[in-house]
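# Understanding the architecture of this molecule
Chain residues, written in single-letter form:
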Amino acid sequence: MTGALYYRDDLAWVHHTGYTGYVLNAERGIVERLRKHGLEAGQRVLDIGCGSGLLARALLAQGYAVAGVDASPAMIELARAQAPGGDFQAIALPTRRRPGEDGALPAADAIVSTGHVLNYVGSRDDIALAFAELAAALRPGGMLAVDLMTERYAAARDLLHPHANVRDDWTIVTRFSRPAPHRFDREITVFRRVDRHWRRSDEHHANVTFEADAALQILRDHGVDARCEPAFGDETLPEGLVVITGVKRAA
Ligand SMILES: C[S@@+](CC[C@H](N)C(=O)[O-])C[C@H]1O[C@@H](n2cnc3c(N)ncnc32)[C@H](O)[C@@H]1O
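These lines cover the structure that appears in this document, whether it is placed above or below. Just so you know, these numbers come straight off a predicted model, no measurement behind them.

Parameters at a glance
Position numbers for residues start from 1 in each chain and track the written sequence from start to end. Residues qualify for local features only when their pLDDT is at least 70, as the model is predicted, and side-chain atom pairs are given and counted only at 80 or more; totals for whole chains, interfaces and linings, by contrast, use all residues. For the side-chain quantities, the full set of heavy atoms in the structure was used; hydrogens and water were omitted. We count a stretch as a helix when DSSP gives it H or I for four or more residues in a row; a strand needs E for two or more, and each element gets its number in order from the N terminus. Values of the radius of gyration come from C-alpha atoms, whereas the globule rule sets the reference at 2.2 Å times the count of residues to the power 0.38. Working definition: with a 1.4 Å probe on protein chains only, accessible area under 20% of the residue-type maximum means buried, over 50% means exposed, and in between means partly exposed. In short, Shrake-Rupley with a 1.4 Å probe defines the accessible areas, and a residue's cover is counted only from the protein chains shown. Only heavy atoms are used to decide nearness, and a residue is near a molecule or strand if one of them lies within 4 Å of it. Nitrogen and oxygen atoms within 3.5 Å of one another constitute a polar contact, given that in protein one can donate a hydrogen and the other can accept it, and given that sequence-neighbouring residues count only through two side-chain atoms. Being paired, for any two strands, means DSSP has found at least two bridges between them. By the criterion used throughout, a crossover qualifies as right-handed when its path from the first strand across the helix to the second strand runs clockwise, the strands pointing away from the viewer. All axes are obtained by fitting lines to C-alpha atoms, using only the stretch in contact for helices, and the reported angles, taken between N-to-C directions, cover 0 to 180 degrees. In what follows, a contact means two residues having at least one pair of non-hydrogen atoms within 4.5 Å. The arc in question is traced by the directions running from the helix axis to the C-beta atoms. Orientation is classified from the angle alone, with under 35 degrees giving roughly parallel, over 145 giving roughly antiparallel, 65 to 115 giving roughly perpendicular, and any other angle giving oblique. Crossing handedness follows the turn of the near helix against the far one: under a right angle anticlockwise gives a left-handed crossing, and clockwise gives a right-handed one.

What follows deals with the overall build of the chain. Scanning the chain from terminus to terminus reveals 7 helices and 11 strands. In terms of overall size, the chain behaves like a compact globule, its C-alpha atoms giving a radius of gyration of 18 Å where 251 residues would be expected to give roughly 18 Å. When the backbone C-alpha atoms are referred to their principal axes, the chain occupies close to 55 × 40 × 35 Å. Out of the 251 residues belonging to the chain, those deemed buried represent 51%. Carbon and sulfur atoms provide 50% of the accessible area of the chain, an area that totals close to 11700 Å².

The full set close to the ligand counts 17 residues, and H15, G49, D70, L93 and T114 are the nearest of them. Separating an oxygen atom of the ligand from a side-chain N or O atom of D70 is a distance of 2.5 Å. For the ligand, a nitrogen atom lies 2.9 Å from a polar atom in the backbone of L93. Protein contact buries 94% of the 590 Å² of open area that the ligand shows by itself.

For the rest of this paragraph, the subject is the pairing of strand β5 (residues 138–149). In terms of burial, β5 is a largely internal element, 9 of the 12 residues being buried. Across 5 bridges, the pairing between strand β4 (residues 108–113) and β5 is parallel. Counted as the bridge partner of S113 is V146 from β5. Viewed along the sheet, the connection from β4 through helix α5 (residues 124–137) into β5 turns out right-handed. For β5 and strand β11 (residues 241–248), the ladder comprises 7 bridges, and the chain directions are antiparallel. Bridge pairing links M143 to V247 in β11.

In this section: the sheet that holds strand β6 (residues 163–166). Where strands meet in a sheet, backbone hydrogen bonds hold them as pairs that are either parallel or antiparallel. One open sheet holds the 4 strands; their spatial order is β6-β7-β8-β9, and the pairing between them is antiparallel. Both edges of this open sheet fall to β6 and β9 (197–208), since each of them pairs with a single strand only. If you compare each strand with its neighbour and ignore which way they point, the axes differ by 10° on average. Examined bridge by bridge, strand β8 (residues 183–194) and β9 share 12 bridges and lie antiparallel to one another. Across the sheet, the residue bridging to F184 is N207, located in β9. Against the sheet, helix α1 (residues 9–18) touches β7 (170–177), β8 and β9, its axis set at about 90° to β8.

Take the sheet that holds strand β2 (residues 65–70) next. The mixed open sheet is built from 7 strands, whose spatial order is β3-β2-β1-β4-β5-β11-β10. The open sheet terminates on both sides in strands that have one partner only, identified here as β3 (87–90) and β10 (224–229). Ignoring strand direction, the axes of neighbouring strands in this sheet form an average angle of 15°. Its contacts with the sheet put α5 on β1 (44–48), β4, β5, β10 and β11, and the angle it makes with β5 is roughly 150°.

A separate point is the environment of A65. Take A65: it is sitting in strand β2. What A65 contacts, discounting residues up to four positions off in sequence, is G42, Q43, R44 and V45.

Next up on the list: helix α7 (residues 212–221). Spacing of three or four residues puts side chains on the same side of an α-helix, whose turn is 3.6 residues. Taken residue by residue, α7 has A212, A215, L216, I218 and L219 as its buried positions. Projection of α7 onto a plane perpendicular to its axis shows the buried side chains occupying an angular sector of 165°, all on one side. In α7, the exposed residues that point more than 90 degrees away from the buried face are D213 and D221. Among the structural elements, α5, β5, β10 and β11 are those in contact with the buried residues of α7.

All right, on to the packing of α5 against α7 then. Packed helices, taken two at a time, are described by the angle their axes make and the gap between the axes. Look at α5 against α7: their axes get within 9 Å of each other, and the N-to-C directions meet at 40°. By the angle between their directions, the pair α5 and α7 is classed as oblique. The interaxial crossing formed by α5 with α7 has right-handed handedness. Each of A128, F131, A132 and A135 in α5 lies in contact with α7, whose residues at this interface are A215, I218 and L219.

Next comes the structure, spelled out in structure tokens:
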């Protein structure tokens, strides 16, 4: 058991074994973008909120030097097992560290992120800070592609009907709420089979919506020419989930 706020051991496992469709759909578009940008094998790609390392694994297969950070030690443990050769660290955004300082994001030629990781950062001010930290970690000429949950995503969700998924060795039930403006929260209960028993764990996920225009402005103010796109590649994202892409201007 770990002390992380989100994705402790059992939910990390449930995500890894049951909710990887999104990242697997996105990875082709991400790899394609990196190639089109001219990123070569050996160059450094940083995966923010890398989860269990599936995107990292695909990037390693392309020959990139992959670093991944995630706030959840359980996810980092899974990522190290799934993507040997990646350089994974338990780091939560915003780091509040300057580039090069201990605990700061490692410098990268490309930064990618799937699963609206930035919306997990506790407040709009901290999301703004996190975007600035991404820009600072990006080398001049480097590219960025991260997804973002906007207000439209939360507004389009059906809050009344819980989500449930039953598997042989786990069950998950998720309830949704909007307890405050710009918030989209999930009450998540997992039962995981452990030997002959079922272990229950609960997590409260507080996501903060963030507008694409605000993200673009922050990135531009920090030297990244950024724009908003409907997806990483040819996949269809849920309404209100967008992809922010950008290229860091030469120093
Ligand atoms: C929805 S999951 C996405 C995981 C993976 N990228 C994927 O697409 O499957 C969100 C991830 O963000 C991580 N996370 C949440 N808050 C974070 C923070 N403040 N800094 C870094 N990672 C965070 C979680 O631990 C989790 O792995």
